[in-house]
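Residues per chain are reported as follows:
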Amino acid sequence: QPAPVLPHHFLFHVALIPFTFDDLRMGAKWAAVFFASLAFLSTWNLLKNQRIAYAPLWALGLAAVSEAFIYRMSITRAQSLSLAVLMLGLDWLLRKKYSSLALLGFVYVWLYDAFPLLPIISGIYVLAVWLSERKLDIRPILYSGAGVTLGLVFNPYFPYNIVFAIQHILPKLFEATTISVGNEWYPYDTGQLLENSPLALAAFISGALALGLSGKRIDLRTAVSFVLAGLFGLMLFQSRRFIEYFPPFALVFAAFA
């Protein structure tokens, strides 16, 4: 029996349903605006809960931090909701709402195939806690990992969804030049990046300078956001499709720093 065709963004397709009852072109445009707004609100919620001064202005900075980022947010695709999920996950990590990560991980699997990012962020947080507080608490990894695992197993397309995820992600990470992939899987050249995302780069550099000039010991949230911004920066250098992650996390790092 052949494997079924997998809608690997199933919940994203479900989220599009309210925008399909009238003109589909206008519905797609409104969906893009709505989903991008959720990503902006999720960023604002993170900064507000961390009591960052002028949190609304920092969140509005997302509209100016990168031209390429805004372009990606304006497309009716799942990356806006993916960013909202990651910002919410970081918020729950910093507020130690670890058990909620299980539900978030489950939803993320059904929403978008970038779900491995949630356990990765949880692992970075655990490492930062261990380095800064000398406490090893692996609950964030366990909860987020459990949610992702359950989302993969309790899935109408199991086990084909796991095979698909492996075949979809791994070749593009390690063999992008030997297989036929879209242009978004290749990196920007330096000139393009300086032209379309100068404020994102400036935010990351200014945050690093702020840490150096303050002379204070780096706190947990700043350390986590620094590593995340660096990680997404490295991913962006490998593939331009990660432009939806580096600018917002660079801005969050600058706000914390």
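Since this is a predicted model, take the numbers as computed values, not measurements. (Residues numbered from 1 in each chain as written. Predicted model: local features only at pLDDT ≥ 70, side-chain atom pairs only at ≥ 80, totals over all residues. Heavy atoms only, no water.)

J.: I'd like to hear about the overall build of the protein, residue by residue, with values.
T.: The helix and strand inventory of the protein stands at 13 helices and 0 strands. Taken from the N to the C terminus, the helices and strands of the protein come in the order α-α-α-α-α-α-α-α-α-α-α-α-α. Taken over C-alpha atoms, the radius of gyration comes to 18 Å for the protein, in line with the 18 Å a tight globule of 257 residues would show. Summarising its shape, the C-alpha atoms of the protein cover approximately 65 × 40 × 40 Å along the three principal directions. Of all 257 residues assigned to the protein, the portion counted as buried reaches 45%. Contacts spanning at least 24 positions in sequence make up 74% of the contacts within the protein whose residues lie at least 6 apart. Split by element, the accessible area of the protein, about 13400 Å² in all, is 69% carbon and sulfur. Of the side chains in the protein, 18 bear a positive and 13 a negative charge, and the two mean positions are spaced by 10 Å. (Helix = DSSP H or I, 4+ residues; strand = E, 2+ residues; numbered from the N terminus. Rg over C-alpha atoms; globule rule 2.2 N^0.38 Å. Buried < 20%, exposed > 50% of the residue type's maximum accessible area, 1.4 Å probe, protein only. Contact = heavy atoms within 4.5 Å. Areas by Shrake-Rupley, 256 points an atom, 1.4 Å probe, with all protein chains shown as cover. Lys, Arg positive; Asp, Glu negative; His and termini not counted. Charge placed at Lys NZ, Arg CZ, Asp CG, Glu CD.)

J.: Explain the pattern of salt bridges to me, using residue names and the numbers behind them.
T.: One pass over the structure, following the stated rule, counts 6 salt bridges. The residue Glu133 makes a salt bridge to Lys135 at a minimum N-O spacing of 3.5 Å. The class of Glu133 is partly exposed, set by a relative accessible area of 35%. The exposure class of Lys135 is partly exposed, given its relative accessible area of 47%. As a salt-bridge pair, Arg221 and Asp219 come within 3.8 Å of each other at their nearest N and O atoms. The exposure class of Arg221 is partly exposed, given its relative accessible area of 22%. The partly exposed category is assigned to Asp219, whose relative accessible area is 34%. (Salt bridge = Lys/Arg side-chain N within 4 Å of Asp/Glu carboxyl O.)

J.: Please provide a residue-by-residue account of a nonpolar patch on the surface, values included.
T.: The grouping of Leu127, Trp130, Leu131, Leu136, Ile138, Ile141 and Leu142 at the surface amounts to a nonpolar patch, some 670 Å² of accessible area in total. For the nonpolar patch, the secondary-structure elements that each account for two or more residues are α7 (117-133) and α8 (139-153). For the nonpolar patch, the leading source of residues is α7, giving 3 residues. Ile138 gets classed as partly exposed once you look at its relative accessible area, which sits at 42%. (Patch = residues over 30% accessible without salt bridge, like charges linked within 9 Å, V, L, I, M, F, W, Y side chains within 5 Å.)

J.: Provide a residue-level description of helix α5 (residues 79-94), including the pertinent values.
T.: An ideal rise of 1.5 Å per residue puts 22 Å on 16 residues; α5 measures up with 23 Å between its terminal C-alpha atoms. Taken across its 16 residues, α5 has 15 buried, putting it largely inside the fold. Just downstream of α5 lies Lys96, where phi reads positive at about 60°. (Expected span 1.5 Å × (residues − 1).)

J.: Can you lay out unusual backbone geometry for me, pointing to particular residues and giving the numbers?
T.: Phi is positive for Arg51, which is not a glycine, with a value near 55°. In this fold, Arg51 is placed in the loop between α2 (24-49) and α3 (55-60). Since its relative accessible area comes to 78%, Arg51 is described here as exposed. Its identity as a non-glycine residue notwithstanding, Lys96 has a phi of 60°, on the positive side. Using a relative accessible area of 49% as the deciding quantity, one classes Lys96 as partly exposed.

J.: Can you explain α8? Please cite residues and give values.
T.: Helix length check: α8 (15 residues) gives 21 Å between terminal C-alpha atoms against 21 Å at 1.5 Å per residue, within 8%. Buried within α8 we find Pro140, Ser144, Gly147, Val148, Gly151 and Leu152. For α8, the buried positions fall inside an angular range of 135° around the axis, keeping them on one side. (Arc of directions from axis to C-beta.)

J.: So what's going on with the packing of α5 against helix α6 (residues 100-111)? Residues and values would help.
T.: For the pair α5 and α6, the least separation of the axes is 11 Å and the interaxial angle reads 170°. Comparing their axes, α6 and α5 come out roughly antiparallel. Note on element contacts: α6 touches α5 through Ser100, Leu101, Leu104, Tyr108 and Leu111, opposite Leu81, Ser82, Val85, Leu86, Leu88, Gly89, Trp92 and Leu93. (Axes fitted to C-alpha atoms, helices over the stretch in contact; angles between N-to-C directions. Parallel < 35°, antiparallel > 145°, perpendicular 65-115°, else oblique.)

J.: Residues and numbers for the environment of Leu101, please.
T.: In this fold, Leu101 is placed in helix α6. On the accessibility criterion, Leu101 (0% relative accessible area) is buried. Along the backbone, Leu101 and Leu88 are 13 residues apart, and their C-alpha atoms lie at a distance of 9.4 Å. Not counting residues within four places of it along the chain, the set of residues in contact with Leu101 comprises Gly89, Trp92, Leu93, Leu118, Ser122, Pro140, Tyr143 and Ser144.

These figures capture arrangement, not role.
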